Every structure is written in structure tokens, then in C-alpha cells.
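# Structural characterization, general
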Amino acid sequence: MKKNYNPSRWIIGILLLLIISAGIYAYSLIFKPFSLSETAYIYIDKQKNYEEVVEQLRDKAGLPSEKIFNLLAERMNYPNKIKTGRYAITNGMTMPDAIRLLRSGNQTPVDITFNNMRTRENLAGRISQQLMMDSVTLLNALNDTVTPGIYGFNEFTFIAMFIPNTYEVYWDTGINNLLDRMKSEYDAFWNETRRNRAEKIGLTPVEVSTLASIVEEEATYADEYPVVAGLYLNRIRKGMRLEADPTVKFAVGDISLRRILYKHLEVESPYNTYKNSGLPPGPIRIPSIRAIEATLSPEKHSYLFMCAKDDLSGRHNFAVTHAEHARNAARYQKALNEKGIY
């Protein structure tokens, strides 16, 4: 018996096959993964618009399909929900995954590092290079006379709150949140053990940071830190002025001075330890952890004087008596004269 031929069934079958094929093709486009050899980071600040976000995805992450991404972003209402931050696009992530990530604000933290910072300008510049933060705004906060009091410092000691290290923070963290974090890290650093060590040498934590800043500026080589710290502590205990050349450079406002002259010693400043007794009102730089630790563990000796060696190596001759110091100083001055350093 001959079967009845029904062309409509064939047409329906072909249409279904086309629909399924189109669906599979669309699915493959929508869920085509990013192909990356390493994680790509997308940075979104307050000035970036949707088009700039797409440009980063294309240039940094190799966006699988800009057209499909735009369609998906519109459907998921992402252009109206852009959030600042640093976002990680990883290998195998799909475009819907990326949109959900960006829209949620679930950013990846960044490690910020600051060390060897002499001035507040240096610190503000270094941090702003690593975060979505304007250096001028941060510097204004560091120089503000009110903000330090919120954290238990004053305008001279505020810089001591910043302990040089590496910290994990969000790229778009605000200034207030950053300062809160630095205070938290400061409190963690100055634990009971370190506070007891500071008390043992007769200093507060801020005074330790202040002395450590002088030690670090004075000594070129870290192995001299404990010796120099012990020397200054000896002078403090005897009621002698520190007479530390780095404080004079700070007072004059020229840390590049290679030779301290009598006119420099006469500058009127609370930081001039040739004219003022005791420690200056605050650190003359942000001391490293190594300098702080050396100050907390000073070498025990009887030295009261120090002078740079006449070989101009950056190392020092240490002396117990002024007469011995005078001989060391004479040799050093002669070396400077011979080198034409004035």
C-alpha cells in the first residue's frame, strides 16, 4: 500500500531544524568564552562611560563579540548600572558572566605598596598611582589640620600613621576608607609587644617613629641603624641636643644638602635639633619598618658623637669623647674640601 506524502510535515521538520540550528548558533555566540592566557583587568573610574568599558573589554580581554555583548548588556540593563572598580576577566568566562560581574560591583582587590617615602607629596603621589585617587585631594587630607585629630595624631605626627608595607585594598577605595585602614594597620603594628619595647627605651610609638626617621636619614647602611639609634638615645638620656644633620636639612627644606654650613645650623625651626632640645615635633620622613625595629632594639654602647667617614663611603666614625669626634670631623671636612663639596 502506498504511503500518503504530506509536504507540510517536511516543511515543519525543516523549520524546526533551522530553528534549532539558529538557537545552537546563537547560544554559541552568547556563551562563547573569553580566551585569555592571563587574567585581564578592567578599570572603571567615575569618568568612564559604557563605551569606554566596552573598549577595554575589546582591547584588553579580546571581547568575543562586541555586537552580542551590546545586545546582552542592554537586556541586562548594564549601561545604567556601571560601578567603579577593578574587575578581573578570566579565561573561560562568558559575556553574560562578565556583565553580571561588572554590574554587581564584585571587584578584585589590588595590592598597594609604599616605601622609601620622604615627604607627604611622595606618599600622595605613590598611592594615587595605584588607586582611583587624586593625589592633590589625598595630599590636602594629609596636610589638613583637623583630620589628624580624628585618628589621634596632630599635623606634625600624622605621617607616622603610615607604616610602609603592602596592603590589599579596593582600587576605588575613598580617602576616608584609606585613612581608616591605615589607622587599623598602625594599631595592629603597634601591638603590646612593640609598645612595651618602646616604653623600655623611654619613648612613645610616635616618638619611636620620629627617631627612626632621623636614624634612617642619617645612616646610609641599615647595619648602622641600631648603632645610630643607640647614640641618639644616649644623648637624650644625658640631656644633650641631638644635633642631627638630617633635621637641619628638613628644617631648611633641602634634603639634597651634602654639606651642612653654620648658616644652616642657625635656621629657626622646631625641627632644628642643633637649636632645640629633644626630638623634633614629628618624623622627618616615613620611617621603614626596618628602621623602626632598629630603633626599638638599639645597640648598647657609649657613643655620643658621629661623623661621616672621610672616605665618603656613607659610613660613619663613632666617638665617645668630643675630642675624638673633633678629629673625625676634621678629616671629613678636609675630604670635602679636597673634593670641592661646599
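Residues numbered from 1 in each chain as written. Predicted model: local features only at pLDDT ≥ 70, side-chain atom pairs only at ≥ 80, totals over all residues. Heavy atoms only, no water.

Another point: the overall build of the protein. Looking only at helices and strands, the protein has 15 helices and 6 strands in total. Taking 342 residues into account, the globule formula puts the C-alpha radius of gyration at 20 Å, and the protein, at 32 Å, lies well above it. With the C-alpha coordinates of the protein rotated into their principal frame, the extents come out at 130 × 45 × 35 Å. Within the protein, the fraction of its 342 residues that count as buried is 42%. For the protein, long-range pairs separated by at least 24 residues make up 62% of all intrachain contacts whose partners lie at least 6 apart in sequence. Carbon together with sulfur atoms contributes 50% to the accessible area of the protein, which is approximately 18,800 Å² in total. (Helix = DSSP H or I, 4+ residues; strand = E, 2+ residues; numbered from the N terminus. Rg over C-alpha atoms; globule rule 2.2 N^0.38 Å. Buried < 20%, exposed > 50% of the residue type's maximum accessible area, 1.4 Å probe, protein only. Contact = heavy atoms within 4.5 Å. Areas by Shrake-Rupley, 256 points an atom, 1.4 Å probe, with all protein chains shown as cover.)

Formed by 59 residues in total, the largest nonpolar core has its most connected members in L123, M161, W190 and Y232. Elements with a contribution of two residues or more to this core: β3 (110-113), α5 (120-130), α6 (135-143), β4 (166-169), α8 (175-189), α10 (205-218), α11 (225-237) and α14 (289-296). Element by element, the count of residues in this core is highest for α11, at 7 residues. Non-local contacts of Y232, meaning those with residues more than four positions away in its chain, are made with L211, I214, V215, E218, L242, A244 and M306. Ranked by size, the runner-up nonpolar core spans 25 residues in total, among them A40, I42, A73 and A98. (Core = buried A, V, L, I, M, F, W, Y, C linked by side-chain atoms within 4.5 Å.)

Glancing now at the side chain of T210. Tracing the backbone shows T210 in helix α10. In this view, T210 contacts L279, P280, G282 and P283; residues no more than four positions away in its chain are not counted.

Attention shifts here to the packing of α11 against α14. Relative orientation of the contacting elements α11 and α14 amounts to 50 degrees, with a least axis distance of 8 Å. Taken together, the axes of α11 and α14 are oblique relative to one another. The crossing of α11 and α14 is right-handed. The segment α11 lies against α14, with Y225, P226, A229 and L233 engaging R290, A291, A294 and T295. (Axes fitted to C-alpha atoms, helices over the stretch in contact; angles between N-to-C directions. Parallel < 35°, antiparallel > 145°, perpendicular 65-115°, else oblique. Left-handed = near helix turned anticlockwise from the far one by under 90°.)

Right, let's get into the packing of aromatic side chains. Enumeration according to the criterion identifies 11 aromatic pairs in this entry. Ring geometry for Y303 against F318: centres 5.5 Å apart, planes inclined by 25 degrees, an arrangement best described as stacked. You can see Y303 sitting in the loop between α14 and β5 (305-308) and its partner F318 sitting in strand β6 (residues 316-319), a full 15 residues away along the chain. Since its relative accessible area comes to 27%, Y303 is described here as partly exposed. Relative accessible area serves as the criterion here: at 16%, F318 is assigned to the buried category. Put simply, the rings of F114, Y151, F153, F158, F162, Y167 and Y186 touch in pairs and so form one group of aromatic residues. The ring centre of Y41 lies 3.8 Å from the NZ or CZ of R86, which sits over that ring. It is R194 that lies over the ring of F189; its NZ or CZ is 3.9 Å from the centre. (Phe/Tyr/Trp six-rings, centres within 6.5 Å; stacked < 30°, edge-to-face > 60°. Lys NZ or Arg CZ within 6 Å of the ring centre and 35° of its normal.)

The next point concerns α11. Residues that lie three or four places apart on an α-helix share one face, since the helix turns once every 3.6 residues. An ideal rise of 1.5 Å per residue puts 18 Å on 13 residues; α11 measures up with 18 Å between its terminal C-alpha atoms. Counting buried residues in α11 gives 10 out of 13 residues, a clear majority hidden from the surface. Listing the buried residues of α11 in full gives Y225, V227, V228, A229, G230, L231, Y232, L233, N234 and R235. Positioned one or two residues after α11, G239 has a phi angle of 75 degrees, which is positive. (Expected span 1.5 Å × (residues − 1).)

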